[in-house]
Amino acid sequence: MRKTFHEKVDEITEDVLMMGSLVQDAVHNSIEALIKMDPQMAEKVIKEDEKINEYDITIEEKCIVLQAEHQPVAVDLRFLHSVSIMIKNIERIGDLAVNISKVVKRLSKEDEKKHLDKEIIDLLAEMGNLVKPELARALEAFKNRDKKLAAKLGKSDDAVDEIQKMIFRRLFTSNKGEEDIKFVTNIALASRYLERIGDQSVNIGDRVMYFLTGDYSVFHDDFVE
């Protein structure tokens, strides 16, 4: 028996949530790998990224076919269009987790690990503890079609920015030699990747708001492509 339009929409929703779950795991594991400087865990994140990419392609194809077959309008059309963009945000978060994992692999040698101190580790962990719930809330808002929850995303931006500044201050006051450049650069990149995970999570929330309300004003000036 052929599936109805809304059964296919439900199938796409489940696919997005499965993709989101994989990305949540990738983010969690990449942050753990960073804090512990665990190259094995980092390698696991890198290898499993292919599953996320496969979901990206599959979901996009389903959205295209569903639009062609049923020519939806209003909220249904906004949903399919928004999902096509949201999965790029989710896939990008997976890429950012991979980038963090690559930082771990570059720094996990003993001569680089010696630069790590507890303050930097604690600050990175604190950043992670702010961005992980943002991603979880974005996916929950999508799952439950919850515009109130979607509207609350981004509340931790200022705190994330402040922690990043603290990391930079610590890096550039504690590591001044030429031999410290690799470490400083990579930790700075890792903090930037964490910040971007939060940004992309907010973008997902904006898309949820848009497909539920049709209001373009949710796309503010700092929208990240």
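Keep in mind it's a predicted model, so treat the numbers as computed, not measured.

**Quick word on unusual backbone geometry**
1) Next: Even without a glycine there, the phi angle at Gln71 is positive, about 45°.
2) Next: Backbone geometry at Arg145 places phi at a positive 50°, although glycine is not the residue there.
3) Next: With respect to the secondary-structure elements, Arg145 resides in the loop between helix 5 (118-144) and helix 6 (147-151).

**Digging into the packing of aromatic side chains**
1) Next: With the rule as written, the count across this model stands at five aromatic pairs.
2) Next: Pairing Phe79 with Phe211 gives two aromatic rings, centres 5.3 Å apart and planes at 90°, and the pair type is edge-to-face. Of this pair, Phe79 sits in helix 3 (residues 74-107) while Phe211 sits in helix 8 (residues 181-213), and the two are 132 residues apart along the sequence. Considered together, Phe79 and Phe211 belong to a single accessibility category, that of buried residues.
3) Next: Here Phe142 and Phe211 contribute two aromatic rings whose centre-to-centre distance is 6.3 Å and whose plane-to-plane angle is 80°, an arrangement assigned as edge-to-face. Here Phe211 lies in helix 8 and Phe142 lies in helix 5, a separation of 69 residues in the sequence.
4) Next: Under the relative-accessibility criterion, Phe211 is labelled buried at 2%.
5) Next: Three or more aromatic residues link up through ring pairs in this structure, and these residues are Phe79, Phe142 and Phe211.
6) Next: Lying across the ring of Phe142, Arg145 places its NZ or CZ 5.2 Å from the centre.

**Topic: the packing of helix 3 against helix 8**
1) Next: Relative orientation of the contacting elements helix 3 and helix 8 amounts to 170°, with a least axis distance of 9 Å. By the angle between their axes, helix 3 is roughly antiparallel relative to helix 8.
2) Next: A breakdown of the residues in the contact of helix 3 with helix 8 according to their chemical character gives 22 nonpolar, nine polar and six charged.

**Remarks on the pattern of salt bridges**
1) Next: The final tally for this structure, using the stated rule, is 14 salt bridges.
2) Next: Salt-bridge contacts for Lys44 lead to Glu48; the nearest nitrogen and oxygen are separated by 3.4 Å. Placement of both Lys44 and Glu48 in helix 2 (residues 39-70) is noted, with a separation of four residues, approximately one turn of the helix.
3) Next: Using a relative accessible area of 42% as the deciding quantity, one classes Lys44 as partly exposed.
4) Next: Asp122 is the partner of Lys118 in a salt bridge, and the nearest nitrogen-oxygen pair spans 2.7 Å. One end of the pair is Lys118 and the other is Asp122, both in helix 5 and four residues apart, which spans about a single turn.
5) Next: Taking the relative accessible area as the measure of exposure, Lys118 reaches 61% and is therefore exposed.
6) Next: Three or more residues joined by partner-sharing salt bridges are found here, namely Glu11, Asp15 and Lys62.

**A short note on the nonpolar core**
Taken as a class, soluble globular proteins show a tendency for nonpolar side chains to be buried jointly.
1) Next: Ranked by size, the top nonpolar core spans 66 residues in total, and within it Ile12, Val83, Phe142 and Ile187 carry the most contacts.
2) Next: Of all the secondary-structure elements, those providing two or more residues to this core are helix 1 (5-36), helix 2, helix 3, helix 5, helix 6, helix 7 (157-174) and helix 8.
3) Next: Excluding its chain neighbours within four sequence positions, the residues that come into contact with Val83 are Ile12, Val16, Ile59, Cys63 and Phe142.

**Brief notes about helix 7**
1) Next: Here helix 7 spans 26 Å end to end across 18 residues, near enough to the 26 Å set by a 1.5 Å rise per residue.
2) Next: Listed as buried for helix 7 are Val160, Ile163, Gln164, Ile167 and Leu171. The buried residues of helix 7 occupy an angular sector of 105° when the element is viewed end-on, so they sit on one face. Within helix 7, the exposed residues directed more than 90 degrees away from the buried face are Asp158, Phe172 and Thr173.
3) Next: Those residues of helix 7 that are buried lie in contact with helix 5 and helix 8.

**What about the packing of helix 2 against helix 3?**
1) Next: Taken N-terminus to C-terminus, the directions of helix 2 and helix 3 make an angle of 165°; their axes are 9 Å apart at the nearest point. One element, helix 2, and the other, helix 3, form an angle in the roughly antiparallel class. Our pair here, helix 2 against helix 3, has a crossing hand that is left-handed.

Rules used in this analysis
Residues numbered from 1 in each chain as written. Predicted model: local features only at pLDDT ≥ 70, side-chain atom pairs only at ≥ 80, totals over all residues. Heavy atoms only, no water. Helix = DSSP H or I, 4+ residues; strand = E, 2+ residues; numbered from the N terminus. Phe/Tyr/Trp six-rings, centres within 6.5 Å; stacked < 30°, edge-to-face > 60°. Buried < 20%, exposed > 50% of the residue type's maximum accessible area, 1.4 Å probe, protein only. Lys NZ or Arg CZ within 6 Å of the ring centre and 35° of its normal. Axes fitted to C-alpha atoms, helices over the stretch in contact; angles between N-to-C directions. Parallel < 35°, antiparallel > 145°, perpendicular 65-115°, else oblique. Nonpolar A, V, L, I, M, F, W, Y, C, P; charged D, E, K, R; others polar. Salt bridge = Lys/Arg side-chain N within 4 Å of Asp/Glu carboxyl O. Core = buried A, V, L, I, M, F, W, Y, C linked by side-chain atoms within 4.5 Å. Contact = heavy atoms within 4.5 Å. Expected span 1.5 Å × (residues − 1). Arc of directions from axis to C-beta. Left-handed = near helix turned anticlockwise from the far one by under 90°.

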